[in-house]
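# Structure assessment
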Amino acid sequence: MVQIKNSEQLACMRKAGRITGEAILVAREHIKEGVSTKLLDTLIRNYIEKCGAKPSFLGYGGFPGSACISINNEVIHGIPSAKRFLKEGDIVKIDVGAYIGGFHGDSANTFGVGKISEEAEKLIAVTRESFFRGVKMAARGKRVGDIGSEICGYAEGLGYGVVRKFVGHGVGHELHEDPEIPNFGTAGRGARLYPGMTIAIEPMINAGTRDVKVLEDGWTVITADGSLSAHYEHTVAITDGEPILLTYVE
Ligand code: MG
Ligand code: MG
């Protein structure tokens, strides 16, 4: 069931969203060659807890980290590890949730480690732009399919693969609520959007085909063809006017 948040609940969502966004910035400051993904995870956890919040992902479905940290051809759900180190030229995806006052924030971003290839730069830029095209459709009277068709039309039009198997979602009291927010779809179709809905819009864009598979660890999702993948996500509140990006803190 779709949950409509009142203004008091939206204020809590703003707080959870701000902490989520800030935790990603804390991690970003430490991204460089030689840093383990576990260290980034620990910094994120410490920051969230210092704010009086809880990492939403820790223990979720048995997930062992506070953040999902995925490198290069890993799309999402990478498990932080003390044995996994960032290398110059990598792209790293950091996906974080923070829970406070009964509500979650959920956000992800993709960063380069040192100097990255032109191909990687462009993939990151296209993924981010696809989000901002999609979020323009996050308005009263629009439908979920309007968001997905914008994201997909833009990214596929440039020859990128748009992941189908994993999608965005409602977010609030639960980390994953209705409705699903696919990064593809047909304009004018799907669930209607109403003020007070809070949704995570999160394009996952591959440099190659859209196909993905899950590694034997049961979590890490990788591109089927080994190509690079980027991820960009914000928790967004639908209003009577412009959508509010609750996890955007820059
Ligand atoms: Mg996320
Ligand atoms: Mg999400």
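The structure contained in this document is the topic of the report that follows. Please read all numbers here as calculations on a predicted model, not as lab measurements.

Attention shifts here to the overall build of the protein chain. Secondary structure summary: the protein chain contains four helices and 15 strands in total. Expected size for 250 residues packed as a compact globule is a radius of gyration near 18 Å; at 17 Å, the protein chain falls within 12% of this value. Taking the principal axes of its C-alpha atoms as reference, the protein chain extends roughly 45 × 45 × 30 Å. By residue count, 53% of the 250 residues in the protein chain fall in the buried class. Looking at the protein chain alone, contacts between residues at least 24 apart form 70% of all its contacts between residues at least 6 apart. With an accessible surface of roughly 10800 Å², the protein chain has 50% of that area assigned to carbon and sulfur atoms. Treating the 28 positive side-chain charges of the protein chain as one cloud and the 31 negative ones as another, the clouds have centres 2 Å apart.

Around the magnesium ion (ligand 2), the donor atoms from the protein are D106 (OD), H169 (NE2), E202 (OE) and E233 (OE), and they sit 2.1 to 2.2 Å away. Going along the chain, you hit the donors of the magnesium ion (ligand 2) in the pattern D-x62-H-x32-E-x30-E. A spacing of 3.2 Å is found between the magnesium ion (ligand 2) and the magnesium ion (ligand 1), which share D106 as a donor. Here the residue H169 occupies a position in strand β7 (residues 168-170), and E233 occupies one in the loop between β13 (229-231) and β14 (234-237), the gap between them amounting to 64 residues. Looking at H169, the relative accessible area reads 4%, which means it is buried.

To continue, consider the coordination of the magnesium ion (ligand 1). Each protein donor to the magnesium ion (ligand 1) is listed here as D95 (OD), D95 (OD), D106 (OD) and E233 (OE); together their distances run 2.0 to 2.8 Å. Donor residues for the magnesium ion (ligand 1), ordered by position in the chain, follow D-x10-D-x126-E. In this structure D95 comes out as buried when scored by relative accessible area, which is 7%.

If you walk across this open sheet you meet the three strands as β6-β10-β13, and the pairing is antiparallel. Sheet topology places β6 (161-162) and β13 at the edges, where each strand pairs with a single neighbour. Note: strand β10 (residues 204-206) against β13, three bridges, orientation antiparallel. When the sheet's bridge partners are listed, I205 is paired in β13 with A230.

Interaxial distance between helix α3 (residues 118-135) and helix α4 (residues 144-157) falls to 8 Å at its minimum, and their mutual angle equals 150°. Viewed along their axes, α3 and α4 adopt a mutual orientation that is roughly antiparallel. Once α3 is placed against α4, the crossing between them reads as right-handed. Here V126, E129, S130, R133 and G134 of α3 come into contact with α4, specifically with I147, E150, I151, Y154 and A155. Considering only residue class, the contact of α3 with α4 consists of five nonpolar, two polar and three charged.

Take unusual backbone geometry next. A cis amide bond, omega -5°, links D178 with the succeeding residue P179. Position of P179 among the secondary structure elements: in strand β8 (residues 177-181). At N72, a residue that is not glycine, the phi angle is positive and equals roughly 55°. Within the fold, N72 resides in the loop between β2 (67-71) and β3 (74-76). The backbone of H77 sits at a positive phi, close to 65°, despite the residue not being glycine. Secondary-structure assignment places H77 in the loop between β3 and β4 (91-100). Judged by its relative accessible area of 22%, H77 is partly exposed.

Bringing the pattern of salt bridges into the picture now. Should the charged atoms of two oppositely charged side chains come close, the side chains can pair. With the rule as written, the count across this model stands at seven salt bridges. The salt bridge involving E49 is made with R45; its shortest N-O contact spans 2.9 Å. Taken together, the residues E49 and R45, both in helix α2 (residues 37-50) and four residues apart, mark about one turn of the helix. Overall, E49 belongs to the partly exposed group, its relative accessible area being 39%. As a salt-bridge pair, R140 and D240 come within 2.6 Å of each other at their nearest N and O atoms. Here R140 is found in the loop between α3 and α4, whereas its partner D240 is found in the loop between β14 and β15 (244-245), with 100 residues between them in sequence. Overall, the relative accessible area of 59% leaves D240 in the exposed class.

Conventions and cut-offs
- Residues numbered from 1 in each chain as written.
- Chains lettered and ligands numbered in written order.
- Predicted model: local features only at pLDDT ≥ 70, side-chain atom pairs only at ≥ 80, totals over all residues.
- Heavy atoms only, no water.
- Helix = DSSP H or I, 4+ residues; strand = E, 2+ residues; numbered from the N terminus.
- Rg over C-alpha atoms; globule rule 2.2 N^0.38 Å.
- Buried < 20%, exposed > 50% of the residue type's maximum accessible area, 1.4 Å probe, protein only.
- Contact = heavy atoms within 4.5 Å.
- Areas by Shrake-Rupley, 256 points an atom, 1.4 Å probe, with all protein chains shown as cover.
- Lys, Arg positive; Asp, Glu negative; His and termini not counted.
- Charge placed at Lys NZ, Arg CZ, Asp CG, Glu CD.
- Donors = N, O, S within 2.8 Å, 3.2 Å for Na, K, Ca; no water.
- Pairing = 2+ DSSP bridges.
- Axes fitted to C-alpha atoms, helices over the stretch in contact; angles between N-to-C directions.
- Parallel < 35°, antiparallel > 145°, perpendicular 65-115°, else oblique.
- Left-handed = near helix turned anticlockwise from the far one by under 90°.
- Nonpolar A, V, L, I, M, F, W, Y, C, P; charged D, E, K, R; others polar.
- Salt bridge = Lys/Arg side-chain N within 4 Å of Asp/Glu carboxyl O.

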